[in-house]
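Commentary on secondary and tertiary structure
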Amino acid sequence: MCKESYTVEDFVLDPEFQKWILHPNKDSNTYWDDFLSKHPHFKGDIALAKKIVVNMSRRSTKVNDDQLAATWYRIEQMAETTTFSEKEPSIVPLNAETTLKNHPKEVYYTDSRLGHQQFYRLLAILVITFGLAICFNLFLAPEETPLAEVLPEVVLENHFAPPGVKSSFNLPDGSKVMLNAGSSLSYVRGFESHQRFMELEGEAFFEVAKDVNRPFKVKSGDAITTALGTSFNIKAYDGSHLDISLISGKVEVLIPSAENSVLQLEKGQGIRMKPGRNTLEVFEFDEDLILAWTRKTIVFRNTPIYQIKNVLENWYGVKITFMNSPERDLEISGKFIDQSLENVLKGLSHSARFKFVLKDDQVFLTFNP
Amino acid sequence: MKIIRDAQVLKSPEHYWNLLVRGDKIGLEGIYCQYAPELFAFGMSLVPDYDFVQDCIQEVFLDIWKYHRNLHGVSNIKIYLFKSTSHKIFKEIKRAKKTDWAELNEENLSLVSIEPVESELVKLQAKEYLQVRVANVLEKLPKRQKQVLNHLFFDHFTYEEVAKIMGINLRSTYTLAWKAITTVKKHLSGDR
């Protein structure tokens, strides 16, 4: 991260900064002196960050040697009874024999009655079978699934909608997600116990199921949007500006790299961050425009031709090539509900005055002179 | 504990780990002597209840004893033990459905002291009342945030290692730490 966009928190958490504060040396002094003379406005932030690092303390609860020894004694005692694996091959037959030896009287005394003999034979077979099964479970099973019990692996779920395809699905908590073309969403399978955290690239619309104990968090680019039960749209395609629009309810947006980084949005408000800048812009939006994509609708309002190219390429999963340069400042408006690419291009070709050739997943546009 | 009392010089953790993998109890004891103090400090920082933490740590060591044959793949012993302990503690918290340990009993309270971050210079600039204040803020943070700060500032783990221990990605680790520092900042920025 570039230090020009640092907040107090970022300084505190920067290992180099901590090192300078706690164990300064000549090099780090030179570096930070230089940084401060170049960026004098950081003086206040750095002073506060320093104060936090210097005073960082925790309540410490050290256990004494007796307690350590007592715990070891308990572990040793219990470990004694877990000597297990070496004996296991001999246990299996032994157990079956012992089981049989436990019933000799019955077997011999009922000798005369054939029916009973049959019954005990059956019983013996059942006992041996179950005995073996139990032995196998007790002594073999732990070997096969050992580490899983100590450390469950974190499995990441990843949904990806390739260009040209939109995808809707439900999350494990019942929240609904609609993923726009060329976007991906990933999260820990089943979510963690304390939060519903996911990372988004591209655009998605969320209808969040209420769960006050597990905040719903979406990380997109630099921003983390937190919601409890609400619906919102995030647009964060790589290299394009980041838009977060709130349709209903309330969300909080955290952008560590920006000034005034925690923002509460009201219904109908959105925030926009331009790529590479740290300033935020709050805007009122038109719900129809923002959510048009979820209704299979493409809306252009005085949209520059280069942006239209990106939208169509992603929407239909095609590659568009301009055969000659369009007029600069060419902006077009139009609205297309569930239309084929050909119809959209036909519609646009009148106002933008171009001819087009559609071949497989390639589109060639030639603008009229 | 024979090892600590008999020979003052402990052998390397790897030496004991290899013994443990082969099923030698000396290995288990060596690993315990090396890491138990840190694991207790870590556990008690999350849950200030000696009996609770003792049970968790005991379980962790019995588990590695039980499954010693599968431990040869472990590349970083300390990370592995912290991760196992962290996992065990959160699992037990969930099972006990106990969320608040704010009430310290007398036995536990006697063990509590304020531990400042390590530095050669701290004495010159730190103020004791501020350290107490920060320690109190840390105490009230959500457990995961507290864990991140503890690992970063007191256990000297890197962000990568903390992410591994807590089973989350780097971004989430940083975000948790960031939020924790925001809270600390609020309590310190008043009297700049």
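Residues numbered from 1 in each chain as written. Chains lettered and ligands numbered in written order. Predicted model: local features only at pLDDT ≥ 70, side-chain atom pairs only at ≥ 80, totals over all residues.

Details of the overall build of chain B
When its secondary structure is counted, chain B shows 11 helices and one strand. Counting from the amino terminus, chain B carries its helices and strands in the arrangement α-α-α-α-α-α-β-α-α-α-α-α. Taking the intrachain contacts of chain B between residues at least 6 apart in sequence as the baseline, contacts between residues at least 24 apart amount to 60%. (Helix = DSSP H or I, 4+ residues; strand = E, 2+ residues; numbered from the N terminus. Contact = placed C-beta atoms within 7 Å.)

Brief notes about the sheet that holds strand β19 (residues 362-367) of chain A
Residues and elements named next belong to chain A. Read across the open sheet, the three strands follow the order β16-β19-β18; overall the sheet is mixed. Edge positions in the open sheet fall to β16 (319-322) and β18 (354-359), since each of these has one partner strand only. Across the sheet, the axes of successive neighbouring strands diverge by a mean angle of 20°, strand direction being ignored. Here β18 runs beside β19; their pairing, made up of six bridges, is antiparallel. By the bridge assignment, lysine 359 is partnered in β19 with glutamine 362. (Pairing = 2+ DSSP bridges. Axes fitted to C-alpha atoms, helices over the stretch in contact; angles between N-to-C directions.)

Thoughts on the nonpolar core
One finds A:Val12, B:Tyr32, B:Ile57, B:Phe61, B:Ala177 and B:Ile181 to be the most contacted residues of the largest nonpolar core, which totals 65 residues. Beyond its immediate sequence surroundings of up to four residues, B:Tyr32 is in contact with A:Trp72, A:Ile75 and B:Phe61. Ranked by size, the runner-up nonpolar core spans 37 residues in total, among them A:Phe216, A:Ile224, A:Ile305 and A:Trp315. (Core = buried A, V, L, I, M, F, W, Y, C linked by C-beta atoms within 7 Å. Buried ≥ 20, exposed ≤ 12 C-beta atoms within 10 Å, placed from the backbone.)

Some details on the pairing of strand β7 (residues 216-220) of chain A
Residue and element names in this part refer to chain A. Most of β7 is tucked away, with five of its five residues classed as buried. Both strand β6 (residues 196-207) and β7 contribute to a ladder of four bridges, which runs parallel. Among the inter-strand pairings, glutamate 199 is bridged to a residue of β7, identified as lysine 219. Hairpin connection of β7 to strand β8 (residues 223-227): two residues between the antiparallel strands, including glycine 221 at a positive phi of 55°.

With respect to unusual backbone geometry
Residues and elements named next belong to chain A. One non-glycine residue with positive phi stands out, namely aspartate 338, at about 50°. Examined against the element boundaries, aspartate 338 turns out to sit in the loop between β17 (331-337) and α13 (341-352). On the basis of neighbour counts, which here come to 9 C-beta atoms within 10 Å, the residue aspartate 338 falls in the exposed class. The backbone of arginine 353 shows a phi angle near 55°, a positive value even though the residue is not glycine. Tracing the backbone shows arginine 353 in the loop between α13 and β18. Arginine 353 gets classed as partly exposed once you count the C-beta atoms within 10 Å, which come to 13.

Quick notes on the interface of chain A and chain B
Between chain A and chain B, the contact holds 42 residues from the first and 67 residues from the second. Of all the secondary-structure elements, those providing two or more residues to the side of chain A that touches chain B are α1 (8-13), α4 (43-55), β1 (57-61), α5 (65-80) and α10 (146-150) of chain A. At nine residues, the largest contribution of residues to the side of chain A that touches chain B is made by α5(A). Partitioning the side of chain A that touches chain B into residue classes produces 24 nonpolar, 10 polar and eight charged. (Nonpolar A, V, L, I, M, F, W, Y, C, P; charged D, E, K, R; others polar.)

Focus: the packing of α5(A) against helix α3 (residues 25-46) of chain B
Look at α5(A) against α3(B): their axes get within 11 Å of each other, and the N-to-C directions meet at 150°. Comparing their axes, α3(B) and α5(A) come out roughly antiparallel. Regarding α5(A) and α3(B), the two cross each other, and that crossing is right-handed. Every residue of α3(B) that contacts α5(A) at A:Leu68, A:Thr71, A:Trp72, A:Ile75 and A:Ala79 is listed here: B:Lys25, B:Leu28, B:Glu29, B:Tyr32, B:Ala36 and B:Pro37. Partitioning the contact of α5(A) with α3(B) into residue classes produces eight nonpolar, one polar and two charged. (Parallel < 35°, antiparallel > 145°, perpendicular 65-115°, else oblique. Left-handed = near helix turned anticlockwise from the far one by under 90°.)

Notes on the pairing of strand β4 (residues 176-179) of chain A
Residue and element names in this part refer to chain A. Burial of β4 is one-sided: the residues Val177 and Leu179 facing one way are buried, the residues Lys176 and Met178 facing the other way are not. In terms of strand pairing, strand β3 (residues 167-170) meets β4 through four bridges, oriented antiparallel. By the bridge assignment for β4, serine 168 is matched with methionine 178. Hairpin geometry of β3 and β4 is characterised by an intervening segment of five residues between the two adjacent antiparallel strands and by a positive phi of about 95° at glycine 174.

Some remarks on helix α8 (residues 128-140) of chain B
Residues and elements named next belong to chain B. Taking 1.5 Å per residue, 13 residues should reach 18 Å; α8 reaches 19 Å between its end C-alpha atoms and fits that length. The set of residues buried in α8 consists of Gln131, Val134, Ala135, Val137 and Leu138. Seen along its axis, α8 keeps its buried residues to an arc of 160°; they face one direction. Every exposed residue of α8 that faces more than 90 degrees away from the buried side is listed here: Tyr129 and Lys140. (Expected span 1.5 Å × (residues − 1). Arc of directions from axis to C-beta.)

Observations concerning the packing of α3(B) against helix α9 (residues 143-154) of chain B
Residue and element names in this part refer to chain B. Relative to each other, α3 and α9 sit at 145°, their axes nearing to 9 Å. When the axes of α3 and α9 are compared, the crossing they make is right-handed. Contact residues: α3 offers Phe42, Ser45 and Leu46, while α9 offers Lys143, Lys146, Gln147 and Asn150. Along the lines of polarity and charge, the residues of the contact of α3 with α9 split into two nonpolar, three polar and two charged.

Considering the environment of A:Phe17
Residue and element names in this part refer to chain A. Relative to the helices and strands, phenylalanine 17 is located in helix α2 (residues 15-22). Classification of phenylalanine 17 by C-beta neighbours within 10 Å gives buried; the count is 21. If sequence neighbours within four positions are ignored, phenylalanine 17 has contacts with Phe11 and Ala49.

What to know about α2(A)
Residues and elements named next belong to chain A. The complete set of buried residues in α2 reads Phe17, Gln18, Trp20 and Ile21. Along α2, the residues classed as buried sweep out an arc of 160° about the axis, all on the same side. Projecting away from the buried face of α2 at angles above 90 degrees are the exposed residues Pro15 and Glu16.

Digging into the environment of A:Gly174
Looking at the secondary structure, you find A:Gly174 in the loop between β3 and β4. Along the backbone, A:Gly174 and A:Ala209 are 35 residues apart, and their C-alpha atoms lie at a distance of 5.8 Å.

A short note on the confidence of the model for chain B
All names here are of chain B. Of the residues in chain B, 81% reach a pLDDT of 70 or more, and the chain-wide mean stands at 82. When pLDDT is averaged over each helix and strand of chain B, the minimum, 49, is found for helix α1 (residues 2-6) and the maximum, 92, for α9. What the predictor reports for the complex is a pTM of 0.48 with an ipTM of 0.85. (pLDDT = per-residue confidence, 0-100.)

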